[in-house]
Every structure is written in C-alpha cells, then in structure tokens.
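Structure assessment
Spelled out, the chains give:
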Amino acid sequence: MSAAFIGCKPRVPKEYIQPRQLEDILYDYHVADGMAYAEGNYSELAFRRQAYREAALRKHGVTEAQLDSSLVYYYRHAERLHEIYEKLAKRLNDDAVALGATANELSQFGNVASQGDTATVWRNDRSVVLMPQAPYHVVSFDVAADSAYHEGDKMILSFDNQFIFQEGIRDGVAMLAVTFKNDSTYSQVMHIVSDNHYNIQIPDGSRKGIKHVRGFIYLGKGNQTLPNGTQTLKLMCISNMRLLRMHTEPPKAVDEADADTIVRPDRPERKRDDLPVTMHPEVRVGDNDTPEPHVDRQPPVTPPPPPGRPHI
C-alpha cells in the first residue's frame, strides 16, 4: 500500500493559499495591471493598479498578508511555484490567441513585412512567466540557419511584457545575437523596465548571410527581500514571443536608360534637362555655355587727399 504513494508530492499546508487559487489570483493580478495601463493617465497609474489588485484579493477572499506569507512558502518550494507559472503562461497564451494575436502578429511591422518573405522561426512557447529563482529566471533560444535564409535577411525578436511586482527594481534584460557566415557576430541588448511591447532588430546589412541566431530574456533578482525578511512577488509575464526572419529584396540597380530621370517621393518626375542651373553669382552663362569674364561694375573709389592739403 505504501508503494502507491511513492513520487506523490506532499500537499501544501492549509494555512497557505492553495496552488489553484494562487494561479487564479496571479491571473487576476495580470488582468488588473492591464486594466490600469489601458486607462491611460499615468499620473494615477500606481493608485489604479493598487486598487485593482486589492479588488482581486477581495474577490478571492484573501488578504495581502495571507498572500505575502504564502509567497514565502512557495519561494522556498520553487518547483511548485514554477508549475503555477507554467499554467498561468498557458492561460495568457490562450487569451492572446483568442484576441487574434496569431492572425495579427505581423501587423505591427506595417508595410515592411509585406515587402518580402517573412516567417516565424520561433518554435518554443509563445508565453512564459519568469521569476527570480534559477533556473526559472530565463528563457533562451538557439536557431541554426537553413536554406530558407538569404543574404540581407533581418532577424527580429518581438514580445510583450508585463511585470507583476509588489516591490523591487524591474530589471529584465533581452538579448539578440546574430552570427554571420564570415563568423562575425553582432548583438543587441535591451533593458526591460516597464510594461510595453519590445522588439530587437538585427539586419544583415552587408549581405554576408546568416549562420546562427541566439538570444534570451532574463529577469534579475533585484531587491527581492524586504527589510523585514518577507519575500516580494516578482513576476515577468512574457507573451506573444516571436522570432521573425524577414527577407527583403536587394536594391535594384539603376537602368542606364533611366539614369537621366530623378524620382523624389514628394515631387513629380523631372528630367535633368529641366532642372534649373545653379550659377556662381559672378559667372553668367551665355548661349554657347562659355563663361564670360567678370566685369567689376562698381564706381572707382576716390583716394583720400594727402596730409596737409584741403580736399576740393
């Protein structure tokens, strides 16, 4: 009979919030923060966010003190908290799909995406919730280029972020690195400090060809513990993650037959023969296009009289 219990996890002590209820509270925290930001007027953001969070706690019949004490327990059992975060991330991802995130995922790039072949090369979860404890504080990716990549391609790491913090410094970091076929590597690092949409772009401007793409999104520990020793709630909810390969056509060579045509988007086409000639103010162009010598037409200057003689 005892063998049937091998591998079963002990239950969470009843004085703490149970996993399912904690997941629901954290989900409502996420919704509350989203509502606070959606209303604009950032001068009152902190007040609205706190009011919505308190409403979420009242909805579940939980006090802030109970939440704090429960978080202390879960932070000491990080594998339990990670399981909650995985379920929370799935709910956030399902919400994003229900709101049309998949269909509109390229709309933010405007006409750039429509000018070439754009593909999503992200093969991991679209949403993840990070917490300060390792190994749950980072999500990374490593993609080797294949025959679908072309010279001049642009790589874009795109995602939405929302912090759920009680206290502490928001210190997320995102990094994208591209290794080209000549083994040179270019990387960009972006600090994540607010709830916003982020994207990092690295183009193959020299048209060397892409060999490898790597990157990560990371949540630092920051100020995780309050002076009284209480653990603070620190979550970074990453959603709508995309790693895009955008292929754009190389610039077209100018045809010699069209070399005399100048095209400006803000002006109609004009032939070079129609353009006005800019002349030096001291040079006049005649009919035979031969510059005439400059003639000084100013009146002569009368020299001053010698000393001691009156000027008549």
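Residues numbered from 1 in each chain as written. Predicted model: local features only at pLDDT ≥ 70, side-chain atom pairs only at ≥ 80, totals over all residues. Heavy atoms only, no water.

Quick word on unusual backbone geometry
The condition that has to hold: The numbering of helices and of strands both runs from the N terminus, where a helix is a DSSP run of H or I of at least 4 residues and a strand a run of E of at least 2. Throughout this description, buried means an accessible area under 20% of the type-specific maximum (1.4 Å probe, protein chains only), exposed means over 50%, and partly exposed covers the range between.
A cis geometry characterises the amide bond from Ala134 onward to Pro135, with omega recorded as 5°. Relative to the helices and strands, Pro135 is located in the loop between β2 (128-130) and β3 (138-144). Look at Arg207: it is not a glycine, yet its phi comes out positive at around 55°. For Arg207, a relative accessible area of 28% corresponds to the partly exposed category. Within the chain, Asn240 stands out as a residue other than glycine whose phi angle is a positive 55°. Of note, Asn240 is situated in strand β9 (residues 234-247).

Details of the environment of Arg214
How we decide: In this description, contact between two residues means that some pair of their heavy atoms is separated by no more than 4.5 Å. What qualifies as a polar contact is a pair of N or O atoms within 3.5 Å, subject to a donor-acceptor requirement within protein and to the restriction that residues adjacent in sequence count only when both atoms come from side chains.
Inspection of the secondary structure assignment puts Arg214 in strand β8 (residues 210-219). Along the primary structure Arg214 and Leu176 are separated by 38 residues, whereas in three dimensions their C-alpha atoms are 6.0 Å apart. Setting aside its immediate chain neighbours within four residues, Arg214 contacts Phe141, Asp142, Met175, Leu176, Ala177 and Thr179. Among the polar contacts made by the side chain of Arg214, one reaches the side chain of Asp142 at a distance of 3.4 Å.

A look at helix α2 (residues 45-60)
Defined as follows: Given a helix with a known number of residues, its expected span is that number minus one, times 1.5 Å.
When the terminal C-alpha atoms of α2 are compared, their 23 Å separation across 16 residues agrees well with the 22 Å that a helix rising 1.5 Å per residue should span. Backbone geometry just after α2 places Gly61 at a positive phi near 65°.

Structural notes on the sheet that holds strand β5 (residues 172-180)
Formally: Whether two strands pair comes down to DSSP finding at least two bridges between them. Each axis is a line fitted through C-alpha atoms, and for a helix only the stretch in contact is used; angles between axes span 0 to 180 degrees, taken between their N-to-C directions.
Strand order in the open sheet formed by four strands is β3-β8-β5-β6, and the pairing between neighbours is antiparallel. Lying at the two open borders of the sheet, with one neighbouring strand each, are β3 and β6 (185-192). Adjacent strand axes in the sheet meet at a mean angle of 10° when their direction is disregarded. In this sheet, β8 lies alongside β3 in antiparallel orientation, the contact comprising seven bridges. Residue pairing for β8: Ser140 is matched across the bridge by Phe216.

With respect to the pairing of β8
Here nine bridges tie β5 to β8, and the two strands are oriented antiparallel to one another. For Ala177, the partnering residue across the bridge sits in β8 and is Arg214.

Focus on helix α1 (residues 19-38)
An ideal rise of 1.5 Å per residue puts 28 Å on 20 residues; α1 measures up with 29 Å between its terminal C-alpha atoms. Buried within α1 we find Leu22, Glu23, Asp24, Ile25, Leu26, Tyr27, Asp28, Tyr29, His30, Ala32, Asp33 and Ala36.

A short note on the pattern of salt bridges
Short version of the rule: Counted as salt bridges are all cases of a side-chain nitrogen of Lys or Arg within 4 Å of a carboxyl oxygen of Asp or Glu.
Inspection of the entire model under this criterion finds eight salt bridges. Put simply, Arg91 and Glu23 hold a salt bridge, and the shortest N to O gap is 3.2 Å. Here Arg91 is found in helix α4 (residues 78-98), whereas its partner Glu23 is found in helix α1, with 68 residues between them in sequence. Notably, a salt bridge pairs Asp24 with Arg91, separated by 2.8 Å at the nearest N-O pair. Taken together, the residues span a long stretch of sequence, with Asp24 in helix α1 and Arg91 in helix α4 at a distance of 67 residues. Given the relative accessible area of 23%, Arg91 is considered partly exposed. Each of Arg20, Glu23, Asp24 and Arg91 takes part in one network of salt bridges that share partners.

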